[in-house]
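An overview of the molecular structure
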Amino acid sequence: MKQARIVGTGSYLPQRVLTNHDLSKMVETSDEWIVSRTGMKERRLAREDEYASSMGTEAARLALKDAGKSSEEIDFILVATLTPDYIFPSTACLIQQELGAKKAAALDLQAACSGYLYALSMAKALIESGISRNVLVIAAEKLSSITDYQDRSTCILFGDGAAAAVVSAEGSGLAIKTVHLGADGEQAELLMLPAGGCRKPASQESLEQRMHYIKMSGNEVFKHAVRRMQEAAKECLEASGVSEEELAWVIPHQANIRILDAIAKRFSHLPANRLYKTLEKYGNTSASSIGIALDEWRKEGLGKTGEKVLLTAFGGGFTWGAALLHYE
Ligand code: UT7
């Protein structure tokens with residue numbers, strides 16, 4: 001059977017930095033509160049003329065270069081985003097055009113913060129079924145466009161950025177062994193963007209009520225995130241026949257340091273630095289967060305041949321998932 005592998009990665013972070021100190025001038029908060037409750041110190045903000053498509057294109061170019069592939073070799077582009085440039089056409093089509101990936105089909109998918117893992121799972125299926133040879137997985141978020149900078153419980157968390165991976169049927173890299181996904185629509189309203197869709201199109205009222213921004217019941221979401229990421233990790237490992245002790249690295253969605261600490265407890269055999277973190281400098285970049293972390297982890301040369309790596313995510317929907325990668 002064919003084996004899908006990540007053979008190249010890239011990421012893009014906008015230059016502008018929003019610090020905790022900056023936020024403390026915008027809402028009633030403090031560096032001390034944000035660091036102790038979230039672990040975050042800074043996040044990046046896209047310029048007005050930077051979009052999910054432009055950031056995703058930059059990340060994709062770097063991933064293609066890393067993989068040693070041209071855009072013409074790509075036959076499918078999957079873009080995970082909850083901040084697309086437009087409702088339609090898809091951000092994937094805009095990126096396809098920018099890259100000149102003329103032979104690629106292009107599709108957006110939306111699984112909130114779990115989007116990167118959902119896209120990896122689709123890429124794996126496309127490759128291993130023989131439908132595609134080279135799939136470009138992209139996650140790109142301009143969360144600052146839907147963040148309410150008057151809401152101190154959410155605006156401290158989110159940042160902008162993009163990540164990409166070339167998933168291929170040939171070449172060496174990170175073999176995608178198992179991707180385990182889940183969802184529960186019953187909790188949809190705990191984390192959502194209420195207006196702008198067909199249920200509540202933009203109106204004077206929706207604008208006045210600030211309904212085009214993320215609304216989150218932080219505390220509730222927190223509890224679900226811990227539980228679901230731990231369960232997803234366990235179920236993914238069980239499905240793979242791999243024990244927790246065999247893992248060399250865990251790269252989780254960068255939601256909150258306290259969520260990451262709770263996950264770390266499950267993998268108590270791992271030294272603390274083997275749970276890879278970027279949240280201190282980038283905050284929560286939703287779908288992009290695991291992809292950015294995976295790219296930085298690779299570029300730092302931290303992984304070694306033969307090691308097993310677990311990715312785990314949770315997001316709005318609710319959606320969640322975990323993926324087991326083998327460094328080959
Ligand atoms: O990406 C996946 C989805 N998202 C997540 O996984 C996020 C999950 N949730 C969280 O990370 C945390 O719930 C937050 C960081 C959002 C909030 O932390 P918390 O410890 O759950 O705080 P809380 O919501 O229980 O609020 C505690 C207090 C409240 O004040 P009172 O009612 O006790 O007087 C809040 O108003 O903290 C207050 N508060 C703040 N204070 C200073 C909330 N945000 C802030 C703030 N600065 N930025």
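My aim in this report is to walk through the structure given alongside it, one point at a time. Since the model is a prediction, treat every value here as computed from it, not as a measurement.

Parameters at a glance
Here the residue numbers are simple positions, counted from 1 along each chain's written sequence. Residue-level local features of this predicted model are given only where pLDDT is at least 70; pairs of side-chain atoms are given and counted only at 80 or more, and the full residue set underlies all totals for whole chains, interfaces and linings. Side-chain figures throughout are based on the complete set of non-hydrogen atoms in the structure, without hydrogens or water. Proximity criterion: a residue is near a molecule or strand once any of its heavy atoms comes within 4 Å of it. By the criterion applied in these results, polar contacts are pairs of N or O atoms within 3.5 Å in which, for protein atoms, one can donate a hydrogen and the other can accept it, and in which residues neighboring in sequence qualify only through two side-chain atoms. Here the open area of atoms and residues is found with the Shrake-Rupley method and a 1.4 Å probe, where only the protein chains shown may cover a residue. What counts as a helix is a DSSP run of H or I of at least four residues, what counts as a strand is a run of E of at least two, and both are numbered from the N terminus. Residues are grouped as follows: Ala, Val, Leu, Ile, Met, Phe, Trp, Tyr, Cys and Pro are nonpolar; Asp, Glu, Lys and Arg are charged; all remaining types, including Gly, are polar. Pairing between strands requires that DSSP locate at least two bridges from one strand to the other. Whenever a helix is involved, its axis is fitted only over the stretch in contact; in every case the axis is a line through C-alpha atoms, and angles between N-to-C directions fall within 0 to 180 degrees. Only heavy atoms matter for contacts: two residues are in contact if any of them lie within 4.5 Å across the pair. What is meant by a nonpolar core is a set of buried Ala, Val, Leu, Ile, Met, Phe, Trp, Tyr and Cys residues, joined one to another through side-chain atoms within 4.5 Å. When accessible area is computed with a 1.4 Å probe and restricted to protein chains, residues below 20% of their type maximum are described as buried, those above 50% as exposed, and intermediate ones as partly exposed. All the domain ranges listed were derived from an automatic or database domain assignment.

As a matter of local geometry, the ligand sits amid 23 residues, with Thr-29, Arg-37, Asn-219, Asn-256 and Asn-284 nearest to it. At a separation of 2.7 Å, a nitrogen atom of the ligand approaches a polar side-chain atom of Thr-29. Here the ligand has 950 Å² of accessible area as a free molecule, and 74% of this is covered by the chains. Among the secondary structure elements, those contributing two or more residues to the shell around the ligand are helix H2 (31-38), helix H6 (152-155), helix H8 (218-240) and helix H9 (257-266). Of the residues assigned to the shell around the ligand, the class counts are eleven nonpolar, eight polar and four charged.

Take the sheet that holds strand E4 (residues 76-80) next. Pairing is mixed in the open sheet, where nine strands are placed in the order E5-E4-E6-E7-E1-E8-E13-E12-E11. The two strands at the open ends of the sheet, each matched to only one other strand, are strand E5 (105-109) and strand E11 (247-252). Put simply, the sheet's adjacent strands are angled 25° from each other on average, direction ignored. As paired elements, E11 and strand E12 (residues 308-315) share five bridges and run parallel to each other. Note that in E12 the partner of Val-250 across the bridge is Leu-310. Set on the sheet, helix H3 (residues 52-67) makes contact with strand E1 (5-12), strand E6 (134-141) and strand E7 (161-168); between it and E1 the angle comes to about 135°.

Attention now moves to the nonpolar core. Where a protein is soluble and globular, its nonpolar side chains tend to be buried together. Among the nonpolar cores identified, the biggest contains 43 residues, and Phe-267 and Leu-310 are the most heavily contacted of them. Of all the elements in the fold, those that place two or more residues in this core are H8, E11, H9, E12 and strand E13 (319-327). Take this core: its biggest share by element is eight residues, from H8. The residue makeup of this core includes at least three contributed by each of domain 1 (5-173) and domain 2 (177-327). Apart from the residues within four sequence positions on either side, Phe-267 is in contact with Ala-233, Leu-237, Glu-244, Leu-247, Val-250 and Leu-310.

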